[in-house]
Amino acid sequence: MSASPASVPHDRPSALTDRKTVFLLAMFCCLLWGSSYPAIKGGYALFGIATDDIASKLVFAGWRFALAGAVLLAWAAASGKRVGGWPARTLGQFALLGLVQTTLQYVFFYIGLAHTTGVKSSIMNATGTFFSVLLAHWIYANDRLSYGKAIGCVVGFAGVMVVNLGAGLGGLLALDFTLLGEGFVVIAAGVLAAASIYGKRISQGVDPIVMTGWQLAIGGAALLALGYGLGGTLTRFTPASTALLAYMVLLSSLAISIWSLLLKHNRVSLITAFNFMVPVFGALLSALFLHETILEWRNAIALVLVCAGIWLVTREPKAG
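Residues numbered from 1 in each chain as written. Predicted model: local features only at pLDDT ≥ 70, side-chain atom pairs only at ≥ 80, totals over all residues. Heavy atoms only, no water.

Draft legend 1. Region of interest: the pattern of salt bridges. The full count for this structure, using the stated rule, is one salt bridge. Notably, a salt bridge pairs Lys81 with Asp207, separated by 3.3 Å at the nearest N-O pair. Remark: Asp207 occurs in the loop between helix H7 (179-202) and helix H8 (208-229) and Lys81 occurs in the loop between helix H2 (54-78) and helix H3 (88-114); sequence separation between them is 126 residues. Exposure remark for Lys81: the relative accessible area of 31% places this residue in the partly exposed category. Given a relative accessible area of 26%, Asp207 falls into the partly exposed group. (Salt bridge = Lys/Arg side-chain N within 4 Å of Asp/Glu carboxyl O. Helix = DSSP H or I, 4+ residues; strand = E, 2+ residues; numbered from the N terminus. Buried < 20%, exposed > 50% of the residue type's maximum accessible area, 1.4 Å probe, protein only.)

Spelled out as structure tokens, the structure:
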């Protein structure tokens, strides 16, 4: 049985296949992604963006990703990589990826995060791993849904249900779930899963950093156009708010680039196994910086279930 192109590395550089290096870089990416939950909600407060001000949220997201894309393209150019002169077909692929993975995903994600807690968002956004498994079953002949993966999906979605149980004795019969909040976070996870599979296909013929730079720049520009077109603004630039925006630009450019490089030079199953740390870091950092509780029984149980589910769907089968 042949493997998919993304799962068979060629000419692997030793630095990116050393297990210790892979572990440290993958964990670093997960830490950065986990920190985005409190960072985004903190950004709303620092920039004075109201919960119902969707347009300004899109402007905030647009500047984050447009600048991150510009940073990556500048770095790629300085490194001697080809960043321009692409044929129309490749530019169209960049545009489609950017409009889906950055623009569409973050329209849902930023709005959803504003209407629920960082702890819940970090747990629910982990459903993207399960969406990836289900999509891969239909797209890749060598990546079918096994018994272990099916159990992992069931366990993971059970965790999502638990975190949305209402408080009190009636919680077992009432879900604390809204379409605009938790629903949009789950939709964002599904969009990201689909876009990531498309991005893997594009990256086979294009440097992952260049591809990421273009999709972030195009997607960010679209968010800016949409946000400003709807009357959004981004004011209250202070040392604190500017530093937070700069951190988020660095977060996006670093994490996505490192992750893409790890996927390019290692087995996909090896790298995606680290995804279970994103909700862990997200929940812990949200509890720390946003003063949200992670010790509620539903949050603790949901976190364990989601992490167990991700581990089940991403673990490698034993040989023989």
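Draft legend 2. Looking closely at the side chain of Ser36. Along the chain, Ser36 falls in helix H1 (residues 19-46). With residues near it in sequence (within four places) discarded, Ser36 still touches Arg64 and Leu251. (Contact = heavy atoms within 4.5 Å.)

Draft legend 3. Structural view of a nonpolar patch on the surface. A cluster of nonpolar side chains, contributed by Phe28, Leu31, Leu250 and Leu254, occupies part of the molecular surface with about 310 Å² of accessible area. Of all the secondary-structure elements, those providing two or more residues to the nonpolar patch are H1 and helix H9 (239-265). (Patch = residues over 30% accessible without salt bridge, like charges linked within 9 Å, V, L, I, M, F, W, Y side chains within 5 Å. Areas by Shrake-Rupley, 256 points an atom, 1.4 Å probe, with all protein chains shown as cover.)

Draft legend 4. Layout of the packing of H3 against H8. In contact at an axis separation of 7 Å, H3 and H8 are set at 55° when each is read in the N-to-C sense. The orientation of H3 relative to H8 falls into the category oblique. Crossing hand, H3 versus H8: right-handed. On H8, the residues touching Phe94, Ala95, Leu97, Gly98, Leu99, Gln101, Thr102, Thr103, Tyr106 and Val107 of H3 are Met211, Trp214, Gln215, Leu216, Ile218, Gly219, Gly220, Ala222, Leu223 and Leu226. (Axes fitted to C-alpha atoms, helices over the stretch in contact; angles between N-to-C directions. Parallel < 35°, antiparallel > 145°, perpendicular 65-115°, else oblique. Left-handed = near helix turned anticlockwise from the far one by under 90°.)

Draft legend 5. Expanded view of the nonpolar core. Counting residues in each nonpolar core, the largest one holds 72 residues, and the members touching the most others are Phe60, Phe109, Tyr110 and Trp259. Sequence-distant contacts of Phe60, defined by excluding residues within four places in its chain, comprise Ile40, Gly43, Tyr44, Phe47, Ile49, Tyr110, Leu234, Leu244, Leu245 and Met248. (Core = buried A, V, L, I, M, F, W, Y, C linked by side-chain atoms within 4.5 Å.)

Draft legend 6. Representation of unusual backbone geometry within the structure. Despite not being glycine, Arg236 shows a phi value in the positive range, around 60°. Within the fold, Arg236 resides in the loop between H8 and H9. Classification of Arg236 as exposed rests on a relative accessible area of 54%.

Draft legend 7. Local environment of the packing of H8 against H9. It is at 9 Å that the axes of H8 and H9 come closest, and there the two elements cross at 140°. With respect to H9, the element H8 is oriented oblique. Remark: the crossing between H8 and H9 carries right-handed chirality. Along its contact with H8, which presents Pro208, Ile209, Thr212 and Leu216, the element H9 presents Ile256, Ser257, Ser260, Leu261 and Lys264.

Draft legend 8. Inspection of the state of the cysteines at higher detail. Under the criterion given, the structure shown has zero disulfides. Left without a disulfide partner, Cys29 is nearest to the cysteine sulfur of Cys30, which lies 6.8 Å away. Among the residues examined, Cys29 registers a relative accessible area of 0% and is labelled buried. Among the residues examined, Cys30 registers a relative accessible area of 0% and is labelled buried. (Disulfide = S-S within 2.5 Å.)

Draft legend 9. Examining H1 more closely. Look at H1: 40 Å from first C-alpha to last across 28 residues, which is about the 40 Å you get at 1.5 Å a residue. Along its length, H1 reaches its greatest deviation from straightness, about 30°, at Ser36, and the proline Pro38 lies no more than four positions downstream. Phi turns positive, to about 65°, at Gly48, one or two residues after H1. (Expected span 1.5 Å × (residues − 1). Bend = angle between axes of the 7 residues up to and from the residue.)

Draft legend 10. Layout of the confidence of the model for the protein. Chain-level statistics for the protein give a pLDDT mean of 79 and a share of 83% at 70 or above. Contacts from residues 1-13, a stretch scored under 50 in pLDDT, to residues over four places away or in other chains number 23 contacts. Contacts of residues 168-174 to residues separated by more than four positions or lying in other chains number seven contacts, the stretch itself having pLDDT below 50. (pLDDT = per-residue confidence, 0-100.)

Draft legend 11. Looking closely at the environment of Asn275. Within the fold, Asn275 resides in the loop between helix H10 (268-272) and helix H11 (277-289). What makes Asn275 buried here is its relative accessible area of 18%. Ignoring any residue separated from it by four or fewer positions in sequence, one finds Asn275 in contact with Thr129, Trp259 and Ile310.

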